Amino acid sequence: MATNGKVNGNGANGHAALPEWHSTPLAEIPKLWQLHADLNASFRTGIMWPLAKRKQELAAMARMMTENAELWAKAIYADLGKPEFQANLFEIGISHQAVTAIAELDEWTAPLKPDVHERHTEWSPTVYKVPKGVVLIISPWNYPLTLTMQPLVAALAAGNCALLKPSELAPSVSALMAELVPKYFDPGVVRLVNGGVKETTRLLELKWDHIFYTGNGAVGRIIAQAAARHLTPVTLELGGKSPVVIDPTGLDLNIVAKRILHGKLANAGQTCVAPDYILCPEASQKPLMAAMTKTMEEWFHETGGKALRSPHYGRIVNERHFRRVQGLVEKSKGEVVFGEKQTDPERYAMEPIVIKTDGEDDLMKEEIFGPVFPLITIKDVDDAINFIEDRDHPLSLYVFTKNDETKQKFLARTRSGGLVFNDTMEQLAVGLPFGGVGESGMGYTVGRAGYDQFTHLRASVDVPYDHEEAVSLRYPPYTEEKVNLSKLISRPEVPNVHA
Amino acid sequence: MATNGKVNGNGANGHAALPEWHSTPLAEIPKLHADLDASFRSGIMWPLAKRKQELAAMARMMTENAELWARAIYADLGKPEFQANLYEIGVSHQALTAIAQLDEWAAPAKPAVPERHAKWSPTVYKVPKGVVLIISPWNYPLTLTIQPLIAALAAGNCALIKPSELAPHFSALLADLVPKYFDPGVVRLVNGGVEETTRLLELKWDHIFYTGNGAVGRIIARAAAQHLTPITLELGGKSPVVIDPTGLDLDIVAKRILHGKLPNAGQTCVAPDYILCPEASQKPLMAAFTKTMEEWFHETGGKALRSPHYGRIVNERHFRRVQGLVERSKGEVVFGEKQTDPERYAIEPIAIKTDGEDDLMKEEIFGPVFPLITIKDVDDAINFIESRDHPLSLYVFTKNEETKQKFIARTRSGGLVFNDTMDQMGIGLPFGGVGESGMGYSVGRAGYEQFTHLRASVDVPDNDEEAVSFRYPPYTEEKVNLAKVLSRPEVPEVHA
């Protein structure tokens, strides 16, 4: 059911209506300070110190998602036109990560007892995993449930209290979240603020113990600068143009086409790790485009091989982004080699399309975040590597190849958040650390790596009193004997090492 | 041999003169950055053997020039040779540890994943970030340049180091020796002050590691934000000492506290800054301090001021700063005395009994002065500490297990040390602050990880296509129902 994002009072199927989105009123802005102060006071009571409490909040999070799955799917559909299948798999399915965190928590939080030199083993050398304090999580509109809950899982597992600021560009989801969060979470642990630029700016004036932001590089810089004033550490999950490289020898292009389209079509290309553009040798371009057309005919056979009006395909989030992506296509100097320039302006929907062009095209100047593939000719793998390395480090790098030497080249000579061979998108499903480098971000999310972001490693020793003789070498007076000993122990034998 | 830090052309004992300090011309700075970038992209530091080679060179740079380093450090800081050896040149061990551990640190991780993904070769590669900038301070100039450099090189980065202009003999020597030991495609150096540092901060680095104070830390963080550059900040603050007296041997306690304060005349990021102590134990503790001084400085009448085993304040500005704190204090001298040697910038160790509002409690002292503050009990101490910025170190002298647990659970600090001060630094645990005391870590594997990116990778076989095709349209009713089932796990019952 197409919608411009408005939510009606009564749901279409007689289901409960979705709540209305409200910004935290400006008049209540002073209350943002109070929220922050309350969470801080709550953290300092030690409320989240016991692991059982953390597990309880994680279980509540999982139930918030599973017990309201239909409502979440409705809200996500209202905001994004995202098919229910995708909302379940890619958003509500994040509930698994909360359950994983519960199962792994004892292991993640266990203090480390590192190996140390023999003379220090009786010092009880320990590294405690401790929470940072009160954290701010700012999430985007494209996977509004996932990208709020994923960092929240990590923050809570690590024992922090958290304030959530979901996106005003996904108002149905954010309103639903504002309603459900207080029903499931302890208000001494998780609170939520809705709003736009004004409210976010106000929040950024406060001192947080960590800020986790998912979004774009421009706002990422604003967040980092605000955090700098308070020496607040940040995690930035940003984006960029994630390339696909085709190294054709031995590839089954039918499978390749599916695996590339799968990454692009989900959420109509509005995924931080969507394959953005394709680098392909000339001779393989026509066969690849033919395979992609064949895939479309399979997947969208109900609608004549076109995605535009299929219920299995999403749309662009709003008018602004719709015009943005449409503009990129119109300004492009390239030639359409797959799909067609067709849109449904009422629904902000765009038919998937591939445009053959070059590195200077407007399509190559920004992250597309839409169902449009620039297709760029490369001579070979080395050419592709140079192309990629001349540009900002992407969040994901997708390489289709059967050649182990090619794989090694990409591993050693490129930089990217993640490196995926022979598929797109799926690295997120496996639980590995997920994070960017350079323009694509800093820090990690998912699993233990996400937990580590929100944790401080607090090193500790306990020096026994009966060690006093051993440690007293360090005291004055520095006799000649002590000085000579100090020379000896500070100048180890250096091994011979040859490159 | 006392000196105001000037170095004569010919060393006193006929040794080679120390090199002169020069700042790097501003115009050279972008070129150094571009050269290192191009060098990194050539893959020069990808092979582990190359990294080990550079680390070995680093260790030899320290051990083969130990006398020169000690002289330069003495010229800049008046630091006794014993301290220079143990606390600075001894960092050469960390380079060797890195060589020995590198294969393990750098090995790709093969994490356990659900069975259906096990055929996807799930791997986490440890990869370098690129070209990093290391800015180091004057107080442990060798240690605090070399320690992050070890981590950076072990992780496969190229590095530009910017040592402190307030330790000019050291920085000049470093500028002289770095090109003789390191591959210029891997490590370069810039000397200079605010202007040169500002120029450096305009460039885009792949990581910046800064050790110093919170004011400059904020400047670094803001500059890094312009380029989305990740940072490590090793800052400071006021590291408290808490006395929980029951069962304590105050003679040992006194030694262990003074041991943390006296090296480098209190100018250590983890020096115990102030003491929280119940009233009844203060006189005995101060008496034990005095007794310790009489032991350690028996050659100079129980006073440190003119002892060759004691350092001095780095320069006039800081000397006047610390002196000013003492003079403005409303408190009462309870150990040592207000005595200084202005020609040498030396200050006699002193403890001043006062309260939390005193000027002595407004900034990190970074000098041989202890505020002594009365607390009722451990809970009182915890409240005092928690109402202030998170310190880099928290030192608690106690024999009580419950007290230890309280400090673990109810305070925040970079590190937490029981029954000693300072020496947590020597054993290889991760070292880093929280809040005002910093972010990120130094030393060992934790330091290595600061300069490393975890690059996750999968390789999805063609013959998995049937399994993965669940995700493709059309989303039949069957697929949608299965998606619902798959996305709604059983949530375990959990009770707090």
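Counting from 1, residues in each chain are numbered in the order their sequence is written. Think of it this way: whatever chain is written first is A, whatever ligand is written first is 1, and the rest follow in order. Where totals are concerned, whole chains, interfaces and linings use all residues; where local detail is concerned, this predicted model gives features only for residues with pLDDT of at least 70, and gives and counts side-chain atom pairs only at 80 or more. No hydrogens and no water enter the side-chain calculation; it runs on all heavy atoms of the structure.

Under an unreviewed UniProt entry, the name given to chain B is Aldehyde dehydrogenase, and the organism recorded is Calocera cornea HHB12733.

The name an unreviewed UniProt entry assigns to chain A is Aldehyde dehydrogenase, from the organism Calocera cornea HHB12733. The Sequence similarities (unreviewed entry) comment attached to chain A in UniProt states, word for word, "Belongs to the aldehyde dehydrogenase family." UniProt positions are given in the numbering used here, feature names are shortened, and annotations may be inferred rather than shown by experiment.

Describing the side chain of Ser-416 of chain A
To qualify as a helix, a DSSP run of H or I must reach at least 4 residues; to qualify as a strand, a run of E must reach at least 2; elements of each kind are numbered from the N terminus. Among the structural elements, Ser-416 of chain A can be located in the loop between helix 14 (404-413) and strand 15 (418-421). Relative accessibility thresholds used throughout: buried, under 20% of the residue-type maximum; exposed, over 50%; partly exposed, between the two (1.4 Å probe, protein chains only). Since its relative accessible area comes to 1%, Ser-416 of chain A is described here as buried. N or O atoms within 3.5 Å of each other form a polar contact, as long as, within protein, one can give a hydrogen and the other can take it, and as long as residues adjacent in sequence are counted only when both atoms are side-chain atoms. Within the structure, Ser-416 of chain A has its side chain in polar contact with the backbone oxygen of Gly-418 of chain A (distance 2.7 Å). Side chain to side chain, Ser-416 of chain A and Arg-455 of chain B meet in a polar contact 2.8 Å long. Ignoring any residue separated from it by four or fewer positions in sequence, one finds Ser-416 of chain A in contact with Pro-394, Leu-395, Leu-397 and Val-437 of chain A together with His-453 and Arg-455 of chain B. Working rule for contacts: check all heavy atoms of both residues, and any pair within 4.5 Å makes them a contact.

Some points on the domain arrangement of chain A
Residues and elements named next belong to chain A. Looking at the assigned domains, one finds that chain A contains domain 1 (26-238 + 448-456) and domain 2 (245-435). Domain start and end points were adopted from an automatic or database domain assignment. For domain 1 and domain 2, the distance between their C-alpha centroids amounts to 31 Å. On the side of domain 2, 21 residues touch domain 1, which itself brings 16 residues to the contact. In this description, buried area is defined as the sum, over both parts, of the accessible area (probe of 1.4 Å) that is lost when the two are combined. Here domain 1 packs against domain 2, burying approximately 1400 Å² in sum over the two surfaces, 53% of which is carbon and sulfur. Together, Trp-141, Tyr-143 and Glu-237 form the three largest contributors to the area buried by domain 1 at its contact with domain 2, with a combined 31%. Here, a salt bridge means any side-chain nitrogen of Lys or Arg that lies within 4 Å of a carboxyl oxygen of Asp or Glu. One can count zero salt bridges joining domain 1 with domain 2. Between domain 1 and domain 2 we count six residue pairs in polar contact (both at pLDDT 80 or more) in total. Mapped by element, the contributors of at least two residues to the side of domain 1 that touches domain 2 are helix 3 (69-80) and helix 4 (84-90). A per-element tally of the side of domain 1 that touches domain 2 places helix 3 first, with four residues.

Points about the packing of helix 13 (residues 378-386) of chain B against helix 14 (residues 401-410) of chain B
All names here are of chain B. Fitted lines through C-alpha atoms give the axes, limited to the stretch in contact for helices. The angle between two N-to-C directions lies from 0 to 180 degrees. Close contact between helix 13 and helix 14 brings their axes to 11 Å; oriented N to C, the two are set at 20°. As the angle between them shows, helix 13 and helix 14 are arranged roughly parallel. Pair helix 13 / helix 14 crosses with right-handed handedness. Counted together, Val-378, Asp-379, Ala-381, Ile-382, Ile-385 and Glu-386 of helix 13 and Thr-403, Lys-406, Phe-407 and Arg-410 of helix 14 form the full contact between these two elements. Ten residues, namely Ala, Val, Leu, Ile, Met, Phe, Trp, Tyr, Cys and Pro, are considered nonpolar, four, namely Asp, Glu, Lys and Arg, are considered charged, and the remaining ones, Gly among them, are considered polar. Of the residues belonging to the contact of helix 13 with helix 14, the class tally is five nonpolar, one polar and four charged. Oblique is the label for every angle not falling under 35 degrees (roughly parallel), over 145 degrees (roughly antiparallel), or within 65 to 115 degrees (roughly perpendicular). A clockwise turn of the near helix away from the far one marks a right-handed crossing, whereas an anticlockwise turn of less than a right angle marks a left-handed crossing.

Focus on the domain arrangement of chain B
Residue and element names in this part refer to chain B. When its domains are assigned, chain B resolves into domain 1 (28-235 + 445-453) and domain 2 (240-432). Contacts between domain 1 and domain 2 engage 16 residues on the former and 20 residues on the latter. Of the roughly 1500 Å² buried at the junction of domain 1 and domain 2 (both faces included), carbon and sulfur atoms supply 51%. By the criterion of area lost to domain 2, the three top residues of domain 1 are Trp-138, Tyr-140 and Glu-234, representing 30% of everything that side buries. Counting every contact that joins domain 1 to domain 2 gives zero salt bridges. Scanning the region where domain 1 abuts domain 2 turns up six residue pairs in polar contact (both at pLDDT 80 or more). If you list the elements that add at least two residues to the side of domain 1 that touches domain 2, you get helix 3 (66-77) and helix 4 (81-87). Ranked by the residues each element gives to the side of domain 1 that touches domain 2, the list is headed by helix 3, at four residues.

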